[in-house]
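Tertiary structure, described
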Amino acid sequence: PFTGQIDHQQRQRRAERALKELRTTLGAKDLEHAVDVYRKAILQWPDDWLLHYDIANLHDIAQKHQSTADHLQTVLRLLPRHVPARVGLGHALAKMNKDDEALAAYRQALGGDPDMLAAHIGMGVVLSRRKKFDQAAHHFNEALRIKPDDKEAADCLENLKRMAGE
């Protein structure tokens, strides 16, 4: 089982890199077509978590945050311990200014993986928006502990210091 988990994580990282690349190359028509293909597939296989995860990422690219959240909630109904889906849900909720729900999603993600970089950064962003600077700094520092050269975490911490007037 352990080697299967490692293989799954590697495949998932490759898929996430491919989706990140798509974000820069997909045109609106391409994106619309891809979403349509996934919708049709979901009609045939409504309990396929990976289809829901992938279409959620496409909706995220299209800035359709509620659709992103809806599909990620389906993933989590099917796979409650799927940490990347929980982080993605937190991001979608944060983009819709549903801060309490976003924080809950990030906390659950960190409960599943305390070293989830994106969850710490997401928590820090939402907490800084709420002016909870000490808590936000804690999460940005945790992100830098996990990945010391992470530019996003370092930039967020620097911005936080300016916001807090240090």
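See the structure printed just above.
Here we summarise the structure given alongside this text.

What counts and what doesn't
- Residues numbered from 1 in each chain as written.
- Predicted model: local features only at pLDDT ≥ 70, side-chain atom pairs only at ≥ 80, totals over all residues.
- Heavy atoms only, no water.
- Helix = DSSP H or I, 4+ residues; strand = E, 2+ residues; numbered from the N terminus.
- Expected span 1.5 Å × (residues − 1).
- Buried < 20%, exposed > 50% of the residue type's maximum accessible area, 1.4 Å probe, protein only.
- Contact = heavy atoms within 4.5 Å.
- Salt bridge = Lys/Arg side-chain N within 4 Å of Asp/Glu carboxyl O.
- Axes fitted to C-alpha atoms, helices over the stretch in contact; angles between N-to-C directions.
- Parallel < 35°, antiparallel > 145°, perpendicular 65-115°, else oblique.
- Left-handed = near helix turned anticlockwise from the far one by under 90°.

Overview of the environment of Ile42
- Checked against the element boundaries, Ile42 lands in helix H2 (residues 28-44).
- Distance in space between the C-alpha atoms of Ile42 and Ile55 is 9.3 Å, their sequence separation being 13 residues.

Regarding helix H7 (residues 117-129)
- Between its terminal C-alpha atoms H7 stretches 19 Å, which fits the 18 Å expected from 13 residues at 1.5 Å a residue.
- Listed as buried for H7 are Leu117, Ala119, His120, Ile121, Gly122, Met123, Gly124, Val126, Leu127 and Ser128.
- In the core, the buried residues of H7 are packed alongside helix H5 (83-95), helix H6 (99-112), helix H8 (133-146) and helix H9 (151-164).
- Just beyond H7, the residue with positive phi is Lys131, at close to 65°.

Quick notes on the pattern of salt bridges
- Applying the stated criterion across every chain yields a total of 10 salt bridges.
- Asp36 serves as the salt-bridge partner of Lys40, at 3.3 Å between the closest nitrogen and oxygen. Here Asp36 and Lys40 lie together in helix H2, a separation of four residues that amounts to about one turn.
- In this structure, a network of salt bridges that share partners links the residues Asp99, Asp100, Arg129 and Arg130.

Here's the deal with the packing of helix H3 (residues 49-61) against helix H4 (residues 65-78)
- Here H3 crosses H4 at 160°, and the two axes come no closer than 8 Å. Between H3 and H4, the angle is such that the two are roughly antiparallel. The hand of the H3/H4 crossing is left-handed. Here Trp49, His52, Tyr53, Ile55, Ala56, His59 and Asp60 of H3 come into contact with H4, specifically with His65, Ser67, Thr68, His71, Leu72, Thr74, Val75 and Leu78.

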